[in-house]
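Next come the chains, spelled out residue by residue.
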Amino acid sequence: MLAWTIYISFLGVLVLLLLPKNSVRAARIVALLTAIAGFAVIAAGFLQQRSGELVTVARVPWIPSLGIEYHLASDGISLTLLLLTGIVAVSGILFSWNMEHRAREFFAFYLALIGSVYGVFLSFDLLLLFVFYELAIIPKYFLIAIWGSTRREYAAMKLVLYSFAGSAMVLIVLVAAYVVAGSRTLDLVQLAQFPFPVHFQMWAFPLVFVGFGILAGLWPFHTWAPTGHVAAPTGASMLLAGVVMKLGAYGCLRVAMMLFPRGLDAWGFHVLGFGSWRDVFALLALIGIVYGAMVALVQRDFKFVVGYSSVSHMGFVLLGLMTLQQIGLDGAVLQMFSHGILSGLLFAVVGRMVYDRAHTRDLAELEKTHLSKAIPFAAGTFVVAAMASIGLPGFSGFVAEVQVILGAWHAFPLFAVGAGVGIVIGIAYTWRAMQKAFFGAPSRGTVAVASPLPPITLPERLGAFILIGVSILIGLYPQLLLRVIVPALHSPLFDGLWKGSGR
Amino acid sequence: MTAFSYLSLLHLVLPEVIVVIAALCVLSVDLMFLRTAEARLRGSVGALLSVAGCAAAIGWILHTPQTANVLNGMLVLNPLAQRVQIALLILTMLTVLIFIGSTFTEHISEYLSLILLATVSMMFLVSTQNLLVIFLSLELLSLSLYILAAFNKRSTRSAEAALKYFIFGGISAAFLLFGFSLLYGLSNSINLTSIASTLHGPALDPLLLVAIVMVMVGLGFKVAAAPFHFWAPDVYQGAPTISAGFIASSSKVASFFLLYQVMVIGLAGAEGSSAWHGYASGWVPVVAIVAALSMVLGNLVAIMQTSVRRLLAYSAIAHGGYTLLGVLSHTDQSFSALLYYAITYALTVLGAFVVVALVEEETGGDTLSHFAGLSRRAPVAAFCMMIFMLSLAGIPPLAGFFGKFYLFSAALASTPGTIGLLWLVILAIAMSAVSLYYYLKVLKYIYVTDPPAGTAPIRISVLRQAVLCLIALSVVLLGCAPNLLLHWL
Amino acid sequence: MTLLPPISCLTIVPLVGAIAVLALGAKSPKLARGLALGFAFLALAITLVLWHRFNPASGGLQFEEIHAWIPTLGVEYHVGIDGLGLLMLALSAIIVPMAMAASWPIQERVPLYFSLILMLEAGLFGTFTALNFFHWFLFWELSLIPAFFLIRLWGGSQRAVAATQFFVYTMAGSVALLLAFLAIFLCTGTFDFMHLADLGRNGQLLPSLAVLADWHRFTAEKLALVLCFGMFVGFAVKVPLLPFHTWLPATYAEAPTGTTMLLTGTMSKMGLYGFLRILLPIFCVQLRSVRTPLLWLAVATIVLSAYAAFAQKDLKRIFAYSSINHLGYCMLGIFAILKFTGDDPALATEKAAALSGVLLQMFNHGLTAATLFWFVALLEKRSGGLRGLNDFGGLRTVAPVFCGLMGIALFSSLGLPGLNGFVGEFLIFKGAFPLAIAPTSVSVVGLLLTAIFLLTILQRVFSGPLQERWSRMPDLTVGERLALLSPLALMFVLGLYPQLVLGVINNTVLQMVQQLR
């Protein structure tokens, strides 16, 4: 049933390509209907599944001579991320409602990207996962290169090449793992149980973690993210920062940590204070949190603030993963969901509501306009988004970040403090951006906005309400997602992970 | 000498005979009936006859598959070789179909018959294990290709390309022959299997190493592997597009098959190893070095190209490097991976050349800027080109990705117990990642850049569009369900 | 009514109201104001019902609701009120309509203003009833955001700086609170205030802290002190206590006066409530060990703020410092009752007296200070924004009713017997004196200073020569008089019959004193 999310999306692509050349309205409607249909399927699947155990969705042999199957399955983690994709997809299309230039192709690439992402989250055969993962790269390029803004061709190429480099690393480990496991199967369940030799895991784990980590914004391989997200059109930025970065984090969890858990064990010796890959990546995650926040603090371009904040928030995900505590991993998965929603919201406000109207993203320029009076809805939405983003209780970010910090305290107490510092800096840059952009200095040479700005349209309001509503819902009742995430992390697939850490 | 029935020999080589007859028919029909007809009609008739001939040959092969080993390895037919022949014939048919409507020459029937003769030579090339027959077929192939490259008499580039091709080809043929003669001297036989059994000894004769290197030079030239690749960019750029496509596709398949046969069967026992900590001298390290050089050089130089044809040439060098991985792994699995890769690559690059031909005929050039905005001027062709470029880059679920995956896993699995060839696989994957840049550059011009103002949509003949779509479809299909081809191989 | 959970309903009503005002009030400001006031009165009605049905004989929690919420984090939805909570709810429910009435003249973005006040009210209700850290913190932060925007968007000329200062201070305190609670959760596994209070009382807190204390060679006692300090900071900023008070004068002065009423009347009580509900029960032992410095801190707050009020020329600033001063008495009382008394019944009575005084003072100060600011708002309306001490004079002749009524409020703030301000202060001093002789004695100076500056206001604003420009100042309108009637009447009632409140809180006070032995 859940496999239909993939098929519906690609079917939508096909329909869009067959539409006549200049049909903008039809293109939008087709895209929206497709996204809603996909979301409906996921919601049905989510409600059906009481707990987070693994449920096979489709399983047919694909290349029998190599033991590769077309195996789709979902557990609690997949469901959470599928849900995220569905929600961001629908709101992304709503926020792209004003797309006129080559609209057909835009929505076609958009739906192709969504379909591939669904595929990654549902795949339980490693090659199939890789196929969908790579498939997602191409629509990204075109979405940015054709419809983007600041330095779009450079940004698109940089994003794609970084992603591809990351997936090249993954491919190396994929092929090696396939061969070492006997060239019989690439099924994730079986590979998770296969006892890979420890020295193999010791180099395979970091390679594949970095490979996926590049897409997740692991410092210092994150530089593609701010450039790419800023250059991308709004709907694409929402999807890129909201969902595609989670592909990387999902890969880190599902492939690197599930298949090669021994790679996280202690080396037995210490280099520069690090005793295991776990220490290294935890530190890199922490640096990402703090560095991303500090750089966001000094940005002049509004969208860059949001771009760097994405890097900072993804650092929480990676830190949570490295804690190897139940609560830390819960927090990491929940943060994947929460940040997906919130970054979508932030990019929507900055890109669609502000930039499309004020035609500038420079904070100094925006300070002179009275945006909070001209587009109060945008101001209000950004305030809510800002509150959620800094981790105010009542929104999804709070529960997630609290869990990550609690987990980090067990594992790396000093890093927990660092993460707290990151949150504080987060408050600072969010507040700064909000003040400057919407509530500029009163009087004294105000440059009133030249003409009244176009009002916030209905699709934008709908999109904003959806995203805010979801964040508040999960903030007040996170059990909705935790009830599937926690059992999924307890499943036998992750046994190797818990065994080593002793918790 | 046992008495041998020439009739039975003819029976065995009936497919080749059919193709030769087809070539002659094309020539004669054109000479006798179509002297005054217009080019398009002549082309269509000739192509039809060629296609008929090839189809008949395919039909015959499928109808009566043969297994034979005749005259001490001069003619070796087994199911695998015959399937490769079928693949070659299909590629020829596609080439011929695309040729209809080309305007670069009036000698249409000569062109078509040359293509068919080249096909015959390739069919012989894959069905022999005798050094002399190999050389003969190789020469027949080469000569046909030289002429095909020179066929555009109005272009100096074409002549220059053909001349370069000829000179390089001649030199490398000399190397090859020298190597073969050394092999003969060492083993007193010109049959690959006999050579192998004779050479199987504990130590490696230094002369044998010289022979290996010589043979590698000759064959390396054929597959355009660095550092024997210098002809490739100029030929790809100068030759008429159809010829370039033919050279890039079919001849590669046959040449790789040959390379595999010579190295793995002929020089069995002298492999050596290029595993990371297990170096042993033999032909495998030589091939490994050539492969590594090709991958690196091909990809890095391609980045800087502005002419799409030259870009395809350097990418061909790179892909040759990847394919050589299949050779140096020398297992059955790697052989089928090699063939899969070569065939799908041939299809893809042929399709790419068709699109290049279309753009050239319309805009007069093949640099990247000529491709600007193609997606709006010829959407179907642009979409097919996207499939080809992405397949070459190795993006799933296209055939190029699966070919690479299969090759790499076969390479790693070839050293049981260790993963000795990992270094080469890592290099291959890394270079493959680099290649995405220039393929994407082409796609950027096609999809992102706006077409120059006031350009009209390009009109493409239905036949060409059909062929393009067919090739694109097959690339996608073979990628999504590689079993279709693997099963067969 | 018995079927609906009363506390949850009470908290939801202002939230619903906020959304309704935003959505429907866009049509006309009058509708927005009316709707908002309606919801505020509804909340007041529910609170009165709760007051009526509250059982004074029991000192524990009533109207409790417990539901599972996030098992992995040990979070439950746990609400309930005892006497303290009920008193605070009543205070909030009364102050909010007053603040709305005082904000009636606001013209810009009216729906947003009133819905922000309603959101603030929801935050207040939530804070005073929540018994699990998770949603307590949620509501604590929830009250911060509307307050920030109320100041930022409708405030005076320096509002940007004031609002930012307010935000930064309060947020810093909240962060300290959060971190301390997270650490506690790590050690004890619970976020529930009642459980934690039990642990603190039974001496089980320290052993559980020992789990975490291995890190960096901290002892459990040191760690407990650190955590206590963290929480202390969070609450001390809100009250405020010297030296965390520097945000207050600017904020109170720049905020629109209706907002200032809320700030002084209710939000400052959040800090005190935090001390009483959370900090004292859990960290009683730790606080006890630093009792003396804390007492003198309270004294400094009292005396120095009164002294500073002296030097102010802006009426709002005077009342701002006066607020700090009055709440200083509460802090004095709270720190006084920390003294270890064992089972001594006499001292227990004193403690009870002091604590009752603290609670009463919380309520009374809220009422009085809010009324005082309301008068300032009325004055501003008439003077076109001026509110300096020396701007006026002789108003008694042109606006006698105004001066008379404001005089009542001033005297209440001064602590005149017969008005509500006296009872609380009296009880605090009575109870605290035996428990902490020296500090209490010094604090009397504060009383004196308060009298001085309040009488100065009387003299400068009401008496003296009348300035020409005020000769036509209108007196209070009938509507304003009617509106002011309730709080002033309440001042008299509570001054003459404090049993009204004392009866309800008595058993709660006794139980708290018992637990703070």
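Above this text sits the structure in question.
Throughout what follows, the structure given in this document is the object of discussion. (Residues numbered from 1 in each chain as written. Chains lettered and ligands numbered in written order. Predicted model: local features only at pLDDT ≥ 70, side-chain atom pairs only at ≥ 80, totals over all residues. Heavy atoms only, no water.)

## Re the arrangement of the chains
Right, so step 1: The protein chains that touch form two pairs of chains, and the pair with the most contacts between them is chains A and B.
Right, so step 2: Chain B makes no contact with chain C; the smallest distance between any of their C-alpha atoms is 40 Å. (Contact = heavy atoms within 4.5 Å.)

## Describing the pattern of salt bridges
Right, so step 1: Evaluation of the coordinates by the stated rule reveals 26 salt bridges over all chains.
Right, so step 2: Two residues, glutamate 69 of chain A and arginine 59 of chain A, come together in a salt bridge whose shortest N-O distance is 3.1 Å. Placement of glutamate 69 of chain A in strand 2 (residues 68-74) and of arginine 59 of chain A in strand 1 (residues 55-63) is noted, with a sequence separation of 10 residues between them.
Right, so step 3: Among the ionic pairs, arginine 387 of chain C bridges to glutamate 380 of chain C, the shortest N-O distance being 2.7 Å. For the pair arginine 387 of chain C and glutamate 380 of chain C, a shared accessibility class is recorded, and that class is buried.
Right, so step 4: Salt bridges sharing common partners tie together Arg352, Asp356, Arg357 and Glu460 of chain A. (Salt bridge = Lys/Arg side-chain N within 4 Å of Asp/Glu carboxyl O. Helix = DSSP H or I, 4+ residues; strand = E, 2+ residues; numbered from the N terminus. Buried < 20%, exposed > 50% of the residue type's maximum accessible area, 1.4 Å probe, protein only.)

## Some remarks on the interface of chain C and chain A
Right, so step 1: Taken residue by residue, the interface counts 26 residues in chain C and 35 residues in chain A.
Right, so step 2: Summing both sides of the interface, chain C and chain A together bury roughly 2,800 Å²; the carbon and sulfur share of this comes to 80%.
Right, so step 3: At the junction of chain C with chain A, the criterion picks out zero salt bridges.
Right, so step 4: Between the two partners, chain C and chain A, sit three residue pairs in polar contact (both at pLDDT 80 or more).
Right, so step 5: Contributions of two or more residues to the side of chain C that touches chain A are made by strand 1 (62-70), helix 5 (133-154) and helix 6 (159-188) of chain C.
Right, so step 6: Split by residue class, the side of chain C that touches chain A holds 20 nonpolar, two polar and four charged. (Buried area = accessible area lost by both parts, 1.4 Å probe. Polar contact = N/O pair within 3.5 Å; in protein donor to acceptor, adjacent residues only side chain to side chain. Nonpolar A, V, L, I, M, F, W, Y, C, P; charged D, E, K, R; others polar.)

## Re the interface of chain A and chain B
Right, so step 1: The interface of chain A with chain B comprises 37 residues on the first partner and 38 residues on the second.
Right, so step 2: For the pairing of chain A and chain B, the buried interface totals around 3,200 Å² over both sides, and the portion due to carbon and sulfur atoms is 82%.
Right, so step 3: Area buried by chain A at its contact with chain B is led by Ile138, Phe164 and Ile172 of chain A, which between them contribute 16% of it.
Right, so step 4: Across the chain A-chain B interface, the total number found is one salt bridge.
Right, so step 5: Of the charged contacts, one joins lysine 444 of chain B and glutamate 153 of chain A as a salt bridge, the two residues approaching to 3.1 Å between their closest N and O atoms.
Right, so step 6: There are three residue pairs in polar contact (both at pLDDT 80 or more) connecting chain A and chain B.
Right, so step 7: Of all the secondary structure elements, the ones that give two or more residues to the side of chain A that touches chain B are strand 1, helix 5 (126-135), helix 6 (137-147), helix 7 (152-180) and helix 9 (198-216) of chain A.
Right, so step 8: The element contributing the most residues to the side of chain A that touches chain B is helix 7 of chain A, with 14 residues.
Right, so step 9: Class assignment of the residues belonging to the side of chain A that touches chain B gives a composition of 30 nonpolar, two polar and five charged.

## Some points on the side chain of threonine 508 of chain C
Right, so step 1: Structurally, the position occupied by threonine 508 of chain C is in helix 20 (residues 499-515).
Right, so step 2: Leaving out residues up to four positions away in the same chain, threonine 508 of chain C has contacts with Gly59, Asp82, Gly83 and Leu84 of chain C.

## Quick notes on the packing of helix 14 (residues 332-363) of chain B against helix 17 (residues 399-413) of chain B
Residues and elements named next belong to chain B.
Right, so step 1: Running from N to C, helix 14 and helix 17 point in directions that differ by 160°, and their axes come no closer than 9 Å. When the axes of helix 14 and helix 17 are compared, the pair comes out roughly antiparallel. Considering only the axes of helix 14 and helix 17, their crossing is left-handed. Note on element contacts: helix 17 touches helix 14 through Ala399, Gly400, Phe402, Gly403, Lys404, Tyr406, Leu407, Ala410 and Ala413, opposite Gln333, Ser334, Ser336, Ala337, Leu338, Tyr340, Tyr341 and Thr344.
Right, so step 2: Grouping the amino acids of the contact of helix 14 with helix 17 by side-chain chemistry returns 10 nonpolar, six polar and one charged. (Axes fitted to C-alpha atoms, helices over the stretch in contact; angles between N-to-C directions. Parallel < 35°, antiparallel > 145°, perpendicular 65-115°, else oblique. Left-handed = near helix turned anticlockwise from the far one by under 90°.)

## Examining the state of the cysteines
Right, so step 1: In the structure shown here, the tally under the stated rule is zero disulfides over all chains.
Right, so step 2: With no disulfide of its own, cysteine 25 of chain B has cysteine 54 of chain B as its nearest cysteine by sulfur position, at a separation of 12 Å. (Disulfide = S-S within 2.5 Å.)

## Quick look at unusual backbone geometry
Right, so step 1: Backbone torsion omega between alanine 226 of chain B and proline 227 of chain B reads 0°, so that peptide bond is classified as cis.
Right, so step 2: The phi dihedral of leucine 324 of chain A is positive, around 55°, even though this residue is not glycine.
Right, so step 3: The topology assignment puts leucine 324 of chain A in the loop between helix 13 (302-323) and helix 14 (326-358).
Right, so step 4: A positive phi angle, close to 60°, is found at asparagine 188 of chain B, a residue other than glycine.
Right, so step 5: Structurally, asparagine 188 of chain B can be placed in the loop between helix 7 (156-187) and helix 8 (192-199).

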